[in-house]
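Take a look at the letters that make up each chain.
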Amino acid sequence: MAEELEIEIGPTGQVVVRTIGIKGSKCIDAAEFIARIVGREESRVLTSEYHETDLHVERHQNIHRRH
Amino acid sequence: MSTVMVIAPLVIANWSVISAAVVGAVGVLGFATVNEGVTASRRVKETNRAEIELDESEILEGSGGSGEEIVVEKDDVRAIFSRDARGALKVCVEGHGRSKAELRQIGEELIGRVTQQYVYHRVVTELANRNMAIVNEEVSEDRTVKIRVRNW
């Protein structure tokens, strides 16, 4: 999956940055890079994609241990 | 890992950058710049007035001093962008036969569009400086600009 940033600039200048396919702490770095250009970070959330990926890894590890 | 970050804009620029943002932004709302501000002010009679300041802004004082302003007009509404005493961006909106609430709404829309234009220019310039490729750009109905960037 390509590493992308989606940047939405609203009618009042507020910006929403979404990272797509960027793994590890690099995705925070990417969003913070835009924040430094634009102004002040108001909030950040990890997307459901992040949590789904974590669950997948955890289950895989449990199965591996049983063998 | 993915994240969503919301960022509030800070406008910190000299007057020439702000001027470019104003000129680029107001046309979309049907306003046009007026070269002769004094003449324009005489045409608008018995006006109501609303002033809006952009709190999160700082206009750096340039060689032109504090007298810099841009006047834009649309029909019976005139808006004057300037730097206030604290150095913030201010727009004063005047209009014959318009309520103060109506003028305030127009002023907020104008200053929002100028902020958006400023932020857009900042982001696109910085992306270009870092050789990041804009793979898609679109404007939605509510005038939100959506940019997709690769090569991060």
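Structure report, in brief. (Residues numbered from 1 in each chain as written. Chains lettered and ligands numbered in written order. Predicted model: local features only at pLDDT ≥ 70, side-chain atom pairs only at ≥ 80, totals over all residues. Heavy atoms only, no water.)

### So, unusual backbone geometry
Residues and elements named next belong to chain B. Of note in this structure, N131 is not a glycine but carries a positive phi near 55 degrees. In this fold, N131 is placed in the loop between helix 3 (100-129) and strand 9 (133-139). Positive phi, normally seen in glycine, also occurs at R143, with a value near 70 degrees. Its place among the elements puts R143 in the loop between strand 9 and strand 10 (145-150). (Helix = DSSP H or I, 4+ residues; strand = E, 2+ residues; numbered from the N terminus.)

### So, the nonpolar core
Nonpolar side chains in soluble globular proteins tend to be buried together. Residues A:I7, A:V15, A:I34, B:F81 and B:L89 are the most contacted members of the largest nonpolar core, which totals 52 residues. Those residues within four positions of A:V15 in sequence are excluded, and the remaining contacts are A:I7, A:E8, A:I9, A:I34, A:V38, B:M5, B:V6, B:I7 and B:V119. (Core = buried A, V, L, I, M, F, W, Y, C linked by side-chain atoms within 4.5 Å. Buried < 20%, exposed > 50% of the residue type's maximum accessible area, 1.4 Å probe, protein only. Contact = heavy atoms within 4.5 Å.)

### Re the sheet that holds strand 7 (residues 77-83) of chain B
Residue and element names in this part refer to chain B. The strand order across the open sheet formed by five strands is 3-6-7-8-4, and the pairing between neighbours is antiparallel. Edge positions in the sheet fall to strand 3 (32-34) and strand 4 (47-54), since each has one partner strand and no second. For this sheet, the mean angle separating the axes of adjacent strands, direction not counted, is 25 degrees. Together, strand 3, strand 6 (69-74), strand 7 and strand 8 (89-96) form the strand contacts of helix 1 (residues 15-26), whose direction differs from that of strand 6 by roughly 5 degrees. Across the sheet, helix 3 touches strand 4, strand 7 and strand 8, and the angle it forms with strand 4 is around 35 degrees. (Pairing = 2+ DSSP bridges. Axes fitted to C-alpha atoms, helices over the stretch in contact; angles between N-to-C directions.)

### Describing the pattern of salt bridges
Across all of its chains, the model carries 19 salt bridges over all chains by this definition. The residue B:R150 makes a salt bridge to A:E4 at a minimum N-O spacing of 2.4 Å. Taken together, the positions of B:R150 in strand 10 and A:E4 in strand 1 (residues 4-9) put the pair across two chains. Judged by its relative accessible area of 36%, B:R150 falls in the partly exposed class. Note that B:K90 is salt-bridged to B:E51, the shortest N-O span being 3.9 Å. Within this pair, whereas B:K90 is found in strand 8, its partner B:E51 is found in strand 4, the two being separated by 39 residues in sequence. Taking relative accessible area as the criterion, B:E51 reaches 37% and is therefore assigned partly exposed. Each member of the salt-bridge network shares a partner with another, and the members are A:E4, A:E6, A:E8, A:R18, B:K146, B:R148 and B:R150. (Salt bridge = Lys/Arg side-chain N within 4 Å of Asp/Glu carboxyl O.)

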